[in-house]
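# Examination of the molecular architecture
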Amino acid sequence: MRPPDSQEQAVAVFAALIDPTRRALLDELARAGPATVTDLARRLPISRQAVAKHLDQLAEAGLISSGKPAGRRHPYRLEPAPIRAAQIWLATLANRWDDRLTALERALDATATPTPDQGATNNEPA
């Protein structure tokens, strides 16, 4: 299986983050650190089964991973790499957009007709 490219990774991240419950789970893991399904279900107003379903989707997107099990407890933790891939993709898009806006601005400046006070030189004696 080949690793996903940055655009594929960004799409997976955005698809996972579209759901407010998954965002809340990520926020909770970022705020409080690794947690089990049961821990997260206690902290958030959703069932343990719903937490498990959402964690599976977050794991599929690479946003979280299951830590070393301690008995039956499997703590989940954040994985920063997919977020970084999405940030890189967004930064690239923003740079392209900025480049296009700069080019448009220059083109408009080049075709703008000077106003009378910009184009006139003052050759009258003072």
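Please read these numbers as outputs of a predicted model, since none were measured by experiment.

## Some thoughts on the nonpolar core
Grouped together as the largest cluster of nonpolar side chains are 19 residues, with contacts concentrated most on Leu25, Leu40, Val51, Leu55, Leu58, Leu63 and Ile64. For this core, the secondary-structure elements that each account for two or more residues are helix H1 (6–17), helix H2 (20–32), helix H3 (37–43) and helix H4 (48–60). When residues no more than four places from it in sequence are discounted, the contact partners of Val51 are Leu25, Val37, Leu40, Ala41 and Ile46.

## Overview of the side chain of Thr36
Residue placement: Thr36 occurs in the loop between H2 and H3. Residue Thr36 is classed as buried on the basis of its relative accessible area, which comes to 6%. Look past the residues within four positions of Thr36 in its chain and what remains in contact with it is Arg73, His74 and Pro75.

## Regarding the pattern of salt bridges
A side chain of one charge can pair with a side chain of the opposite charge if their charged atoms are brought near each other. All told, the structure shown has four salt bridges when counted by the stated rule. In this structure, Glu28 engages Arg31 in a salt bridge whose closest nitrogen and oxygen atoms are separated by 2.5 Å. Of the two residues, Glu28 and Arg31 are both situated in helix H2; the distance of three residues between them amounts to about one turn of the helix. What makes Glu28 buried here is its relative accessible area of 9%.

## Digging into H4
With 13 residues, H4 should cover 18 Å at 1.5 Å per step; its first-to-last C-alpha distance of 18 Å lies within 8% of that length. Within H4, the full set of buried residues consists of Val51, His54, Leu55 and Leu58. End-on, the buried residues of H4 take up no more than an arc of 105°, which puts them together on one face. What points out from H4, more than 90 degrees from its buried face, is the exposed set Gln49 and Glu60.

## A short note on the packing of H2 against H4
Relative orientation of the contacting elements H2 and H4 amounts to 80°, with a least axis distance of 10 Å. Comparing their axes, H4 and H2 come out roughly perpendicular. Taken together, the residues of H4 that come into contact with H2 (itself represented by Thr21, Arg22, Leu25 and Leu26) are Val51, His54, Leu55, Gln57 and Leu58. Classifying every residue of the contact of H2 with H4 gives five nonpolar, three polar and one charged.

## Re the side chain of Asp19
If you trace the backbone, Asp19 turns up in the loop between H1 and H2. As a buried residue without a salt bridge, Asp19 has its nearest oppositely charged side chain in Arg22, at a separation of 4.2 Å. Engagement of the side chain of Asp19 in a polar contact is seen with the backbone nitrogen of Thr21, the distance being 2.7 Å. Separated by 3.1 Å, the side chain of Asp19 and the backbone nitrogen of Arg22 make a polar contact.

What counts and what doesn't
- Residues numbered from 1 in each chain as written.
- Predicted model: local features only at pLDDT ≥ 70, side-chain atom pairs only at ≥ 80, totals over all residues.
- Heavy atoms only, no water.
- Core = buried A, V, L, I, M, F, W, Y, C linked by side-chain atoms within 4.5 Å.
- Buried < 20%, exposed > 50% of the residue type's maximum accessible area, 1.4 Å probe, protein only.
- Helix = DSSP H or I, 4+ residues; strand = E, 2+ residues; numbered from the N terminus.
- Contact = heavy atoms within 4.5 Å.
- Salt bridge = Lys/Arg side-chain N within 4 Å of Asp/Glu carboxyl O.
- Expected span 1.5 Å × (residues − 1).
- Arc of directions from axis to C-beta.
- Axes fitted to C-alpha atoms, helices over the stretch in contact; angles between N-to-C directions.
- Parallel < 35°, antiparallel > 145°, perpendicular 65-115°, else oblique.
- Nonpolar A, V, L, I, M, F, W, Y, C, P; charged D, E, K, R; others polar.
- Lys, Arg positive; Asp, Glu negative; His and termini not counted.
- Polar contact = N/O pair within 3.5 Å; in protein donor to acceptor, adjacent residues only side chain to side chain.

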